[in-house]
Amino acid sequence: MEVSQTILLTGATSGLGFNTVRQLARRSNSYLIVGARNPTQALELQAAMPKERLTILPLDLSSVASVRRFATATMEQLGDRRLTALALNAGTQIVTGLEKTIDGYERTFASNHLGHFLLTCLLLPVLADGAVVVSTASGTHDPTDRISKQFGFRGGFFPDAEAVASGTLDDSVSILQQGLDRYATSKLCNLLFTYDMARRISPAKVRFVAFDPGLMPGTGLARDRTPLERFAWQYILPSLRWFIPGVSSPKQSAKSLAHLLTQAELAPLTGQHFDYRLRLTETSNDSHRKDWQQALHDLSIRLSSIDVSELKGVRPS
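Residues numbered from 1 in each chain as written. Predicted model: local features only at pLDDT ≥ 70, side-chain atom pairs only at ≥ 80, totals over all residues. Heavy atoms only, no water.

## Focus: the overall build of the chain
And then number 1: Summing up its helical and strand segments, the chain has ten helices and seven strands in all.
And then number 2: Counting all 317 residues of the chain, 57% fall into the buried class.
And then number 3: The long-range fraction of contacts in the chain, counting pairs at least 24 apart against all pairs at least 6 apart in sequence, stands at 73%.
And then number 4: Approximately 13700 Å² of the chain is accessible, and the part contributed by carbon and sulfur atoms is 53%. (Helix = DSSP H or I, 4+ residues; strand = E, 2+ residues; numbered from the N terminus. Buried < 20%, exposed > 50% of the residue type's maximum accessible area, 1.4 Å probe, protein only. Contact = heavy atoms within 4.5 Å. Areas by Shrake-Rupley, 256 points an atom, 1.4 Å probe, with all protein chains shown as cover.)

## What about the sheet that holds strand E1 (residues 5–9)?
And then number 1: In spatial order, the strands read E3-E2-E1-E4-E5-E6-E7; together these seven strands make up an open sheet with parallel pairing. Strand pairing shows two members of the sheet lacking a second neighbour, strand E3 (54–58) and strand E7 (272–275), which therefore form its edges. Taken over all neighbouring pairs, the strand axes of this sheet differ in orientation by 20° on average, direction set aside.
And then number 2: Both strand E4 (residues 83–88) and strand E5 (residues 127–136) contribute to a ladder of five bridges, which runs parallel. Across the sheet, Ala-87 pairs through a bridge with Val-134, a residue of E5. (Pairing = 2+ DSSP bridges. Axes fitted to C-alpha atoms, helices over the stretch in contact; angles between N-to-C directions.)

## Structural notes on the environment of Leu-176
And then number 1: Here Leu-176 lies in helix H7 (residues 175–200).
And then number 2: Given the relative accessible area of 34%, Leu-176 is considered partly exposed.
And then number 3: C-alpha of Leu-176 to C-alpha of Ile-94: the two residues are 82 residues apart in sequence and 8.5 Å apart in space.

## Some points on helix H1 (residues 15–25)
And then number 1: Within H1, nine of the eleven residues are buried, which leaves it mostly tucked inside the rest of the structure.
And then number 2: Among all positions of H1, only Leu-16, Gly-17, Phe-18, Asn-19, Thr-20, Val-21, Gln-23, Leu-24 and Ala-25 are buried.

## Re the packing of aromatic side chains
And then number 1: This structure, assessed with the given rule, holds four aromatic pairs.
And then number 2: Taken together, a centroid distance of 4.9 Å and an interplanar angle of 20° make the contact between Phe-158 and Trp-292 stacked. Of this pair, Phe-158 sits in the loop between helix H5 (146–150) and helix H6 (161–166) while Trp-292 sits in helix H10 (residues 290–303), placing them 134 residues apart in sequence.
And then number 3: Judged by centre distance (6.0 Å) and plane angle (85°), the ring pair of Phe-193 and Phe-208 falls under edge-to-face. Highlighted residues: Phe-193 in helix H7 and Phe-208 in strand E6 (residues 206–212), separated in sequence by 15 residues.
And then number 4: Relative accessible area serves as the criterion here: at 6%, Phe-193 is assigned to the buried category.
And then number 5: For Phe-208, a relative accessible area of 1% translates into the label buried.
And then number 6: Chaining the aromatic ring pairs together yields one cluster made of Phe-117, Phe-193 and Phe-208.
And then number 7: Seen from the ring of Tyr-31, Arg-81 lies directly overhead, with NZ or CZ sitting 4.4 Å from the centre. (Phe/Tyr/Trp six-rings, centres within 6.5 Å; stacked < 30°, edge-to-face > 60°. Lys NZ or Arg CZ within 6 Å of the ring centre and 35° of its normal.)

## Some thoughts on helix H9 (residues 250–262)
And then number 1: Between the first and last C-alpha of H9 there are 18 Å, a value that for 13 residues agrees with the 18 Å anticipated at 1.5 Å per step.
And then number 2: A large share of H9 lies buried, amounting to ten of its 13 residues.
And then number 3: Within H9, the full set of buried residues consists of Pro-250, Ser-253, Ala-254, Ser-256, Leu-257, Ala-258, His-259, Leu-260, Leu-261 and Thr-262. (Expected span 1.5 Å × (residues − 1).)

Written out as structure tokens, the structure reads:
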């Protein structure tokens, strides 16, 4: 079958992203471009998708320079084709202390938000009309989310955009709690970005959608936790997902994400949020704050050194 869908996916080497690749591999009309830190070592990824329908390019989302190189390589790879979907899925969670990137920004913020913001802006010219940009969100952004609270999350913090970028949110709590707060805040940023871009860009050009895959025990997000916590995350919690509302699996959530990326009728509008069961759901009041959206947008442009010419189709505030 002739390829009719060209999809770019970040975070494809493990967890939700890798399972999404497996789902897309079943669709013979899909061509996939993914980013990986070491493309030559992504052997499982290479085996998951027919090689004629997969391109793996080097990408470190925490580095502005790497994101720019990846965007350039993507456009060269595309040629005259256009991207029909962009899945901003890669995410990191660091609970062992504050880490800064080569650019001087807090690593969770840089990897989960800033890199994706820059990548989206750079690729706007090669998105097909009606393309969808799906950001992987999380209930951890919401301080009222019951299941997230059970795992120590307090919701996203937004004292100001500069504090978010530097990771200085609340130094009165433990190192672990600070890490959880930074992750939840990066997920709040993903929603602020989605709703902000949905207002700035016509849905006839691009639809912006957020997707909450639910809590997915067994993925690599617990890599920095204690041995006991890692054991429970890897082996105990997955078997309990049928009994705990809000808990999914990488396979189940990947199936839903693949549908959002390939079936436009599921999300015909822009600025929507779906859960892992593809139910249209609400997010926190904070995620809809236009003043926070504007502050994050302005700071993201400055930190990623975006030129006005790289914001094609983006309406000013």
